[in-house]
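Take a look at the letters that make up each chain.
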Amino acid sequence: MVGIVGGMKDLTSLLLKRCKEIKCIVDATYDFKEDDLIPNLAELRLQRLENLTVLCRGPPLEVLRYFEKLELLDIQFCKQLHIIFPMECKLRNLKILRLQDCWTDGVLFSASVAQSLQQLEELSIIDCNELKHIISASGSEHDDGFNTREEIIPIPTSSPFLMTNLREVNIVGCRSLESIFPMCYVEGLNQLQKLEISSSPKLKYVFDEYGHEHLSSHQYKNQVMLPRLESLSLDNLNNFIGMCPENCQANWPSQTLRIMDINNCPRVDLLRLNLQVGNDKRRRNHLNEIWSFQCLQHLTVGNNEKLKYLFFMKTHRSLPELIELSVYGCQELEQIVAASEELLQLPRAKVYFPKLKDIYVDNCNKLKNLFPLAMVRMLPQLSVLNITNCTGVEEVFRHGPGGDDIIRKFEVVLPYLACIILDDLPNFIDICHGYKLPDVELLQLCISNCPKIVPSLKKVQFNVRIMR
């Protein structure tokens, strides 16, 4: 390109789109002076360049300086581009990297390139099907100076923290991806706030031991993992197991996590997703023993075949910020809260869901009820209750041992309940069988395909219709 248009000293942003003739962006094999190219280029966007194979061509010393100045690199639908970053390039100023539908090499960043990404804030990789490892401790040099994965070169354990400014990671549709970060990054990503991964069927862990098998897992003991993460989304990951291998002893404080969506991840055992504080093998029975969830506001769990309980009241008695709970396609789910009857009867027990407003449950066929009866007083803000396609559900609140005493001791009231939707529940009988809850001002009550429902609930439905 430089050979055609000459130098562009004032150019800071460049977009190239649908240019079939371009095979490389900077061809340094031309005779030129140092300042003849694009000395101030900070943003480079490339879209649908069908024949682009490399970004820069020429002697490494002449080429590498142009990578150092980039702050934004966005490459989309350049399907012949498989060599992106030279082995020794330094991306000191790169803040945003977005790749979509590119024929990348098996490893995107060599160890030396990754160590230069101290300013990177956003990383997005979509539909790069040849990519196996985003960051690797491996690397050797071809004749053209680009990276490969043939030789293992460990990153020194004395390396400074890596990618310390990274705030957002989005990985979608990378069919061959096996790992995202090496284990040595567990202590460096202390600014990461949003992590979204989907449709990457070979991925097992976010932090993997690839290239670091020689390091002891005790090296990461008491290291804090992702201390500022606010949003975690995992979707359609057939082989995903957890955040890191089981022998990793990094700590997960989870004091900032507000949104968590885990959908279509059949191998994920939510009870041991390796996000625990420490690695106490005796504490792997319930989700809340691993996460404290003190800031969690939205939780969605879908299509998990292992899940039997969401929370265990014995060790975690309050989710103070949870507003919305959605559970679907969990065929082994037996209880949302595995509660202790003794704790439920304590007169001063904490309100378990003080801010929970919306509950959605769909296609969980082993579930017979949602909560123990005593928990009706622990849902003071409940507004929407939506239960559909659950063949086993009989009631919302389970009337178990001690239920009569609980009714006498506590007022059973859901003051803000406005919407109830019950659909395709062949065994559903009542909200709480045998007890009539105090009248609430329902704005919507929809009951369909619930043949066993008690007459009193049908009457409530009729009254709501008349009020409308």
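Just so it is clear, the structure is predicted and the values come from calculations on it, not from any experiment.

Criteria and thresholds
Residues numbered from 1 in each chain as written. Predicted model: local features only at pLDDT ≥ 70, side-chain atom pairs only at ≥ 80, totals over all residues. Heavy atoms only, no water. Helix = DSSP H or I, 4+ residues; strand = E, 2+ residues; numbered from the N terminus. Buried < 20%, exposed > 50% of the residue type's maximum accessible area, 1.4 Å probe, protein only. Areas by Shrake-Rupley, 256 points an atom, 1.4 Å probe, with all protein chains shown as cover. Core = buried A, V, L, I, M, F, W, Y, C linked by side-chain atoms within 4.5 Å. Contact = heavy atoms within 4.5 Å. Pairing = 2+ DSSP bridges. Salt bridge = Lys/Arg side-chain N within 4 Å of Asp/Glu carboxyl O. Phe/Tyr/Trp six-rings, centres within 6.5 Å; stacked < 30°, edge-to-face > 60°. Lys NZ or Arg CZ within 6 Å of the ring centre and 35° of its normal. Polar contact = N/O pair within 3.5 Å; in protein donor to acceptor, adjacent residues only side chain to side chain.

(A) Region of the structure containing the overall build of the chain. Looking only at helices and strands, the chain has six helices and 25 strands in total. A burial count over the chain gives 52% of its 468 residues as buried. Surface exposure of the chain reaches about 20700 Å², of which carbon and sulfur atoms provide 47%.

(B) Focus on the nonpolar core. The biggest cluster of nonpolar side chains holds 129 residues, and the ones touching the most others in it are Leu55, Phe109, Ile134, Phe181, Phe207 and Phe353. No other element matches the four residues that helix 2 (residues 60-68) contributes to this core. The residues contacting Phe181, other than those within four sequence positions of it, are Ile135, Met163, Leu166, Val169, Leu189, Val206, Phe207 and Asp208.

(C) Fine view of the pairing of strand 16 (residues 298-302). The buried fraction of strand 16 amounts to four of the five residues, a majority that puts the element mostly inside the structure. Here strand 15 (residues 259-263) pairs with strand 16 via five bridges, running parallel. Paired with Met260 across the two strands is Leu299, which belongs to strand 16. Where strand 16 and strand 18 (residues 324-328) come together, five bridges link them in parallel fashion.

(D) Spatial organisation of the pattern of salt bridges. Tallying each qualifying case throughout the model produces seven salt bridges. A salt bridge links Arg45 to Glu43; the nearest nitrogen and oxygen atoms lie 3.1 Å apart. Residue classification places Arg45 among the partly exposed residues on the basis of a relative accessible area of 25%. The network of salt bridges with shared partners includes Asp74, Arg98 and Glu122.

(E) Inspection of the pairing of strand 10 (residues 168-172) at higher detail. For strand 8 (residues 122-126) and strand 10, the ladder comprises five bridges, and the chain directions are parallel. For Ile126, the partnering residue across the bridge sits in strand 10 and is Val172. Relative to strand 12 (residues 194-198), strand 10 runs parallel, the two sharing five bridges. Bridging from a neighbouring strand, Val172 pairs with Ser198 of strand 12.

(F) Expanded view of the packing of aromatic side chains. One pass over the full model with this rule turns up seven aromatic pairs. Among the aromatic residues, those joined into a cluster by ring pairs are Phe311, Phe353, Phe371 and Phe397. Against the face of Phe77 rests Arg48, its NZ or CZ located 4.1 Å from the ring centre.

(G) Representation of the environment of Lys366 in the model. Topologically, Lys366 is positioned in the loop between strand 20 (358-362) and strand 21 (371-372). Residue classification places Lys366 among the partly exposed positions, given a relative accessible area of 43%. Sequence spacing of Lys366 and Gln331 is 35 residues, and the spatial spacing of their C-alpha atoms is 6.1 Å. If we skip the residues at most four places from it in the chain, Lys366 touches Gln331, Glu332, Leu333 and Glu334. For Lys366, the side chain forms a polar contact with the side chain of Glu332, separated by 2.8 Å.

(H) Quick look at the environment of Ser326. Positionally, Ser326 belongs in strand 18. With 27 residues separating them along the chain, Ser326 and Leu299 place their C-alpha atoms 6.3 Å apart. With residues up to four places along the chain from it excluded, the contact list for Ser326 reads Leu299, Thr300, Val301 and Tyr360.

So far we have only geometry, and geometry alone does not tell us how the molecule works.
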